[in-house]
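# Fold and contact review
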Amino acid sequence: MSLTLADVQRIAHLARIEITDEQARAAQAQLNDIFAMIEQISRVDATGVAPMTHPLDGAQRLREDVVEPPPDRDELLRNAPAQQQGLFLVPRVIE
Amino acid sequence: MLEDRQVSAVELANVFLARIERYRGLNAFLDVRPELTLQQARAADARRARGERGALLGMPIAHKDIFVTRGWASTAGSRMLEGYLSPFDATVVERLAQAGMVCLGKLNCDEFAMGSSNENSAFGNVLNPWDAAAVPGGSSGGSAAAVAARLAPVATATDTGGSIREPAAFTGITGIKPTYGRPSRWGMIAFASSLDTAGLLAASAQDCALVFNSMLGFDARDSTSVQLPEEDYTRALDIDLRGLRIGVPAQFFTQGLQPDVEAAVRAALEQIRQLGASLVEVELPNAPLGIPVYYVVAPAEASSNLSRFDGVRYGHRARTFDDLTDMIKKSRAEGFGPEPKRRILVGTYVLSHGYYDAYYLKASKVRRLIAEDFQRAFQACDVIAGPVTSSVAFNFGEKAADPVSMYLADLFTVPASLAGVPGLSVPCGFGDRGRPVGLQLIANHFDEARLLGVAHRYQLATDWHRRIPAGY
């Protein structure tokens, strides 16, 4: 398997990262090196092995559905790149 | 000395703050605010004056900049979070503060804890106090350099694939990653959630055990936190090594293990044998697959975790853009450095339609094979021992241009991370160019106390952990 330049650009779009052609070409070579290394796992026979997604095979614990004091709004908004009247500002999405 | 009031927490904090200032050239710290540190130190002194006791009350500590903190900026070593001020403390930070530990500041690290050399920090390289040409290891490079240079007696760190043990080995100090799920991940800026584990870097295993007593424990705010009673991690420090079976995996003594590292590690194993333990051969046949499995699983989880950085609620936002999608794409392009971008791309691909089964699902299956190897090995031994890294600290620039060669630096540390078992590195000598070598000890889930006990017995018989780099 080998990623094409178009593959890299498509992945970057899916990941919502702007990428120049020059960056995509550099990334293409490195990603192909990485995937060549990863290919080793395709040769392993793992028939019948259950996938392991958590090291202790623990079930996700649910908490009680109780009301907790909310975080301080002003403190949360302090880190926002743009905010107004207690809201996060984004570019217009509905015309 | 704090206990019998020979020294106050304020005096102690001032000693370390002065050292931090004096050795700023190491670039170990990203944010130091002496007024906040001294405020905490005064509070600790006041608690002691009121009759409170505690081994950690007034003891300084510094935190890897992957833990969010009130007061000090929390950046994860990334431009994305430059200047970010958290509205809360990470659970680990909070628990240690409750025990009376005094925060010295925030420590440099690879961006989002992705790296093995600290060369991926957006805020510059951390130098290795043993040799300015050598990397300090990563991703907890600032934590390691600070402890090695005695700018802090102990530092928090995180290990996703080796980010505590590898820098500990490269800087000649003690580092431990506990069992996955023991430390809370709440407030630890997420990289790969099924692997991320908070731990410590310190001068000795005994110090790690003392701090673990306050640091680890169940946290309802972390959905994968394990619900077990609190325990005393110092309880096995007087362990008798006679009768203990140390497993030596053949797979850790091949694949380019450098002769200088092998000699130091084998000498350490012989010393542990002389202390009464027996050495047995064990097999971890799938361990060499750790790196390819890790570089599917960790990027997959990272691509998901790092999707939260969209320039809306916090973090970097591009100055100019056309629309919302363009704003997000430009903000992420500008805010993330090359390594997070690389891993996000790998992770996005392995999770994408049509490739999920071949990569993520297959890697998750092979991960289980690796974990099962450990369970089989622990039927024949109590603790596994081997090298932490295949070589001593490499030079800056040596692997930076070739991601795959950098990834292989974690060959011997990644298997324990994937299995979620605790692992530790203790200094066991010096190799090429006088650079430190680490001995890795791995125990089964929840067996940290014994792991620390074995390390402590070794440190009582050796003085490698007492060596301090020249000039510090």
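Only a predicted model underlies this, so the values are computations on that prediction, with no experimental measurement involved.

Here the focus is the overall build of chain A. Within chain A one finds three helices and two strands. Counting from the amino terminus, helix and strand elements in chain A follow one another as α-α-α-β-β. Since a compact globule built from 95 residues should have a radius of gyration of about 12 Å, the 22 Å found for chain A marks it as more spread out than a globular shape. With 95 residues in all, chain A has 15% of them scored as buried.

Further remarks concern the overall build of chain B. Summing up its helical and strand segments, chain B has 14 helices and 11 strands in all. The principal-axis extents of the C-alpha atoms in chain B amount to approximately 70 × 55 × 45 Å. Here chain B holds 472 residues, and 62% of them are scored as buried. A separation of at least 24 residues holds for 77% of the contacts in chain B among residues at least 6 apart in sequence.

For the rest of this paragraph, the subject is the interface of chain B and chain A. Between chain B and chain A, the contact holds 55 residues from the first and 45 residues from the second. Residue assignment for the side of chain B that touches chain A shows that the elements contributing at least two residues are α8 (290-305), α9 (324-335), α10 (338-350), α11 (357-380) and α12 (403-407) of chain B. With 11 residues, the top contributor of residues to the side of chain B that touches chain A is α11 of chain B. Residues that form the side of chain B that touches chain A fall into these classes: 32 nonpolar, 11 polar and 12 charged.

Residues and elements named next belong to chain B. Following G138, the chain continues into S139 via a peptide bond in cis, with omega recorded as 5°. Note that S139 resides in the loop between β3 (102-107) and α4 (141-148). For A76, which is not glycine, the phi torsion reads 55° and is therefore positive. Owing to 28 C-beta atoms within 10 Å, A76 belongs among the buried residues under this scheme.

Among the structural elements, R368 of chain B can be located in helix α11. Sequence separation between R368 of chain B and V454 of chain B is 86 residues; the distance between their C-alpha atoms is 27 Å. Beyond its immediate stretch of four places on either side in the chain, R368 of chain B contacts V49, A50, P51 and M52 of chain A.

The next point concerns the nonpolar core. Residue and element names in this part refer to chain B. In terms of nonpolar packing, the biggest core is built from 165 residues, with A146 and V147 touching the most fellow members. Examining the composition of this core, we find that 10 residues originate from one element, α11, more than from any other. Not counting residues up to four positions away in its chain, the partners in contact with V147 are A152, V154, A155, I173, L201, A202 and A203.

With that settled, consider helix α14 (residues 448-461) of chain B. Residues and elements named next belong to chain B. The end-to-end C-alpha separation of α14 is 20 Å, in line with the 20 Å expected for 14 residues at 1.5 Å each. Counting buried positions along α14 gives 10 out of 14 residues, so the element sits mostly inside the fold. Looking only at α14, the buried set comprises E448, L451, L452, G453, V454, A455, H456, R457, Y458 and Q459. Where α14 is buried, its residues meet β5 (174-177), α6 (205-215), α7 (259-274), β9 (383-387), β10 (423-430) and β11 (436-443).

Two elements in contact, helix α2 (residues 21-38) of chain A and α10 of chain B, have axes separated by 11 Å at closest approach and are oriented at 60°. It follows from the interaxial angle that α2 of chain A and α10 of chain B lie oblique. As α2 of chain A runs across α10 of chain B, the sense of the crossing is right-handed. Between α2 of chain A and α10 of chain B, the residues in contact are A27, Q30, L31 and I34 of chain A and R342, L345 and V346 of chain B, respectively. Of the residues assigned to the contact of α2 of chain A with α10 of chain B, the class counts are five nonpolar, one polar and one charged.

With that settled, the discussion passes to the confidence of the model for chain B. When pLDDT is averaged across chain B, the result is 97; 100% of the residues are at 70 or more. Under the prediction, the complex receives an ipTM of 0.95, its pTM being 0.97.

This part is about helix α1 (residues 9-22) of chain B. Residue and element names in this part refer to chain B. Taking 1.5 Å per residue, 14 residues should reach 20 Å; α1 reaches 20 Å between its end C-alpha atoms and fits that length. Where α1 is concerned, the buried positions are A9, L12, A13, F16, L17 and I20. Take α1 and look down its axis: the buried residues cluster within an arc of 130°, on one side only. Exposed and facing more than 90 degrees away from the buried side of α1 are A18, E21 and R22. At its buried positions, α1 is contacted by β1 (29-31), α2 (34-49), β2 (60-64) and β3.

What follows is about the environment of L87 of chain A. All names here are of chain A. With respect to the helices and strands, the residue L87 is situated in strand β2 (residues 87-88). L87 sits in the exposed class, given 11 other C-beta atoms within 10 Å. For the pair L87 and N32, spaced 55 residues apart in the sequence, the C-alpha separation amounts to 43 Å.

In this section: the pairing of β10 of chain B. All names here are of chain B. Counting buried positions along β10 yields seven of eight residues, so the element is predominantly enclosed. In terms of strand pairing, β5 meets β10 through three bridges, oriented antiparallel. Each residue of the ladder has a partner; that of I176, found in β10, is L424. Across seven bridges, β10 lies against β11 in antiparallel orientation. Looking at the pairing, G423 lines up with I442 of β11.

Now for the environment of P340 of chain B. All names here are of chain B. For P340, the location among the structural elements is in helix α10. Spatially, the C-alpha atom of P340 lies 8.7 Å from that of P299, the residues being 41 residues apart in sequence. In this view, P340 contacts E111, F112, M114 and L306; residues no more than four positions away in its chain are not counted.

What counts and what doesn't
Residues numbered from 1 in each chain as written. Chains lettered and ligands numbered in written order. Predicted model: local features only at pLDDT ≥ 70, side-chain atom pairs only at ≥ 80, totals over all residues. Helix = DSSP H or I, 4+ residues; strand = E, 2+ residues; numbered from the N terminus. Rg over C-alpha atoms; globule rule 2.2 N^0.38 Å. Buried ≥ 20, exposed ≤ 12 C-beta atoms within 10 Å, placed from the backbone. Contact = placed C-beta atoms within 7 Å. Nonpolar A, V, L, I, M, F, W, Y, C, P; charged D, E, K, R; others polar. Core = buried A, V, L, I, M, F, W, Y, C linked by C-beta atoms within 7 Å. Expected span 1.5 Å × (residues − 1). Axes fitted to C-alpha atoms, helices over the stretch in contact; angles between N-to-C directions. Parallel < 35°, antiparallel > 145°, perpendicular 65-115°, else oblique. Left-handed = near helix turned anticlockwise from the far one by under 90°. pLDDT = per-residue confidence, 0-100. Arc of directions from axis to C-beta. Pairing = 2+ DSSP bridges.

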